[in-house]
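Coordinate analysis (summary)
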Amino acid sequence: MFSRAYKTAVTVPPLAWVAVFLLFPYALMFCYSFWSVTPAQTILHSWSLDNYKELFQKPVYWQTLLRSMWIAARVMLFSLLLGYPLAYFLSFYAGKRKDLLYQMVIIPLWVSYLVRAYAWKTILGSDGVLNTLLQYVHLTSHPLDFLLYSPFAVVLTLTHIYTPFTILPIYASLEHIPRNLVEASHDLGATLAQTFWKVIFPLSIPGVVAGATFAFVLSLGDFLAPLLLGGPSGIMISNIVVSLFGAAYNWPLGAAISLGMLVIVVSLLFMSERLEKKWSF
Amino acid sequence: MILADSQQRPTAPRAIWLLLHASAVFAFLYLPIAVLILYSFNGQGVGGFPPHHLTLDWYRILFADAAIWDAVLYSLKLALAAIVIALGFGIPAALALDRANFPGKTVFRRLVLLPLILPGIITGLSLSMLFKLADVRLGLLTLVLGHGTALISVATTEVFAGLQKLDRAQEEASLDLGANYWQTFWRITVPNLKLPIIGAALLIFTLSMDEIAVSFFLIGRDNTLPLEIWGRLRRGITPEINAVSTIIFLFSLLTIVFWYRLRSQSAPDVGMELLDPPHENVNLSTNPNPAD
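Here is a short report on the structure shown in this document. (Residues numbered from 1 in each chain as written. Chains lettered and ligands numbered in written order. Predicted model: local features only at pLDDT ≥ 70, side-chain atom pairs only at ≥ 80, totals over all residues. Heavy atoms only, no water.)

This brings us to the overall build of chain A. Helix and strand counts for chain A come out as 12 helices and two strands. Going from N to C terminus, chain A has its helices and strands arranged as α-β-β-α-α-α-α-α-α-α-α-α-α-α. Relative to its length of 281 residues, chain A is extended, with a C-alpha radius of gyration of 24 Å against a globular reference of 19 Å. If one aligns the C-alpha atoms of chain A with their principal axes, the spans along those axes are about 75 × 75 × 35 Å. The buried share among the 281 residues of chain A stands at 57%. Across chain A, the fraction of contacts at a sequence separation of at least 24, relative to all contacts at a separation of at least 6, is 68%. Here chain A has roughly 12300 Å² of accessible surface; of this, 71% comes from carbon and sulfur atoms. (Helix = DSSP H or I, 4+ residues; strand = E, 2+ residues; numbered from the N terminus. Rg over C-alpha atoms; globule rule 2.2 N^0.38 Å. Buried < 20%, exposed > 50% of the residue type's maximum accessible area, 1.4 Å probe, protein only. Contact = heavy atoms within 4.5 Å. Areas by Shrake-Rupley, 256 points an atom, 1.4 Å probe, with all protein chains shown as cover.)

Here you go:
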């Protein structure tokens, strides 16, 4: 029904745009990661693996990468622990208020990310809302200073930001479950716990995998929350990249780190897609 | 059905635990927003419990703050231009994915979606390398290209979902009756995709207004609103930031309300692909045998 000319007209412009502004820049970043920079801050276009060697030899890089992954893993875990029961409640117990409650999950997503990270900063600071509240009710006599500028603050804030992202796919997969399966399980004498673990949970795994991937991948590359709330011990890998592109001015090394992140993220996406397919019905 | 069913069974303790958990999670999600708004009225600055000397002074300072409003204007321009680019290339991309076969289609689909899930700094960085190579000065142009490119994915996803539900008979009729493809596109395809397109535009607008990671690498002398706020946060915190955040929050709320009113008026079952649950499955599950 659609002519060749029509297909060409809708295919070529987006294809060309994506090639110039996405594919080519990624390729350029790949090239940069093999180049080097002189002390006079000019880029040398000679090819070597030195940047990658430096990544593995200097502990600061891989340690920060590991710490970022550990932070992202905790964010993922907490988001699932908070998100799954909520999605389950919405799907099976919320009744008429289902749609309203669902919208309430989405609304925080529309609130600026920066604004929410900032809000946590004002809550956790040493003169912040939480510390002054604790002193006001005489639970503590002086400010708890481990709250802000710590990995704890980063994990808390990122969990707050990405929990709705994990709820959405889990809820969608729970809604997909045909209710007659659940009824059949009840009718055949399974207890609520058995029905949950043997019918509902396995069928919701694709949503869990998608939500977990969102939370992990999005928090792994974050650089605002660590800068705003992390302090020196909460620095993440993206912060290093940012500083290499700014003050430290070593674009090639920054490109190598970014490429490492890209490989991690793309392989995680690939794995999660495989898992989702395996568990979908 | 399942609710009525589960109420007959001895499920009360489980439902209560789930309800408590849900309330706690909602409190966790909304508490920071509530604190933020409350302290925008606090005369004593940010923090300090209990808040007292409630005042509108921070809003007065905010309204007289020219730098903030310049940044707002700049961000608005940027977001509108990003919508034009993202829709201008995202709609054809969705049509191509729906209707054409071309080599590399799968790669293209994945590539378009990548900026949505990839850390923003990777997209920002790689684009800044491109602009350095092409010797383009960083400024509004580079920001628009960056935001537009990163958000094509939103337009493509929403419009593609709309196309999947679209009945092609109308387009076919239009073509049979002698309209050309251009006329058919504007008079049949676009009006039928009105809701996904508006939904995509709203999402692109919101995401662009909030974007930091990509902007961070592509910004020239002028600040976008988030980067202006960011710059001030690094110098110290004042309730003026709470005030501007509160206004942004109210603005976002208005956008959502606008979207849901629009949707309920025209087609309540059309969702925002990136955010909404699959409605048709809910119906399917309540009536397991749709044939009767």
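The discussion continues.
Between chain B and chain A, the contact holds 101 residues from the first and 99 residues from the second. Around 9400 Å² of area is buried between chain B and chain A when both sides are counted, 80% of it from carbon and sulfur atoms. Linking chain B to chain A there are one salt bridge. Residues E273 of chain A and R110 of chain B are paired through a salt bridge, measuring 3.2 Å at the closest nitrogen-oxygen approach. On the surface where chain B and chain A come into contact, there are 14 residue pairs in polar contact (both at pLDDT 80 or more). Ranked by residue count, the leading element in the side of chain B that touches chain A is helix α2 (residues 12-39) of chain B, at 16 residues. The residue makeup of the side of chain B that touches chain A, split by class, is 72 nonpolar, 17 polar and 12 charged. (Buried area = accessible area lost by both parts, 1.4 Å probe. Salt bridge = Lys/Arg side-chain N within 4 Å of Asp/Glu carboxyl O. Polar contact = N/O pair within 3.5 Å; in protein donor to acceptor, adjacent residues only side chain to side chain. Nonpolar A, V, L, I, M, F, W, Y, C, P; charged D, E, K, R; others polar.)

Further remarks concern the pattern of salt bridges. Two side chains of opposite charge can pair, provided their charged atoms sit close to one another. Residue and element names in this part refer to chain B. This model, assessed by the stated rule, comprises 12 salt bridges over all chains. For R60, the salt bridge is made with D57, and the minimal N-O distance between the two is 2.5 Å. In this pair, R60 and D57 both sit in helix α3 (residues 57-63), three residues apart, roughly one turn of the helix. Take R60: its relative accessible area is 55%, and that puts it in the exposed class.

Here we take up helix α6 (residues 129-136) of chain A. For α6 of chain A, the complete set of buried residues consists of V129, N131, T132 and L134 of chain A. Phi for H138 of chain A, located one or two positions after α6 of chain A, is positive at around 60°.

Moving on, we come to unusual backbone geometry. Outside of glycine, negative phi angles account for most residues, and trans bonds account for most peptide bonds. Not every positive phi belongs to a glycine, and Y149 of chain A is a case in point at roughly 55°. Along the chain, Y149 of chain A turns up in the loop between α6 and α7 (151-176). Residue Y149 of chain A is classed as partly exposed on the basis of its relative accessible area of 44%. With a phi angle near 55°, D135 of chain B is a residue other than glycine that sits in the positive phi range.

With that out of the way, let us pick up the packing of helix α5 (residues 105-117) of chain B against helix α7 (residues 140-165) of chain B. Residue and element names in this part refer to chain B. Between α5 and α7, whose axes approach to 7 Å, the crossing angle comes to 115°. In the packing of α5 onto α7, the handedness of the crossing is left-handed. Contacts between α5 and α7 involve V112, L113, P115 and L116 from the former and A150, I152, S153, V154, T156 and T157 from the latter. Residue composition of the contact of α5 with α7, grouped by class: seven nonpolar, three polar and no charged. (Axes fitted to C-alpha atoms, helices over the stretch in contact; angles between N-to-C directions. Left-handed = near helix turned anticlockwise from the far one by under 90°.)

Now for the packing of aromatic side chains. For any pair of aromatic rings, the description consists of the separation of the ring centres together with the inter-plane angle of the planes. Applying the stated rule across the entire model yields 33 aromatic pairs over all chains. When the centroid spacing of 5.2 Å and the interplanar angle of 45° are considered together, the rings of Y88 of chain A and F92 of chain A count as tilted. With a gap of four residues between them, Y88 of chain A and F92 of chain A both fall in helix α3 (residues 59-92), about one helical turn apart. Across the pair, F92 of chain A and Y88 of chain A agree in class, each one buried. The side chain of R179 of chain A reaches across the aromatic face of F92 of chain A, ending 4.2 Å from its centre. Just above the ring of W251 of chain A sits the side chain of K132 of chain B; from NZ or CZ to the centre is 5.1 Å. (Phe/Tyr/Trp six-rings, centres within 6.5 Å; stacked < 30°, edge-to-face > 60°. Lys NZ or Arg CZ within 6 Å of the ring centre and 35° of its normal.)

Here we come to the environment of S243 of chain A. Residue and element names in this part refer to chain A. By the secondary structure assignment, S243 is in helix α11 (residues 237-245). Classification of S243 as partly exposed rests on a relative accessible area of 36%. Spatially, the C-alpha atom of S243 lies 8.5 Å from that of G254, the residues being 11 residues apart in sequence. Other than its neighbours up to four places away in sequence, S243 contacts A248 and Y249.

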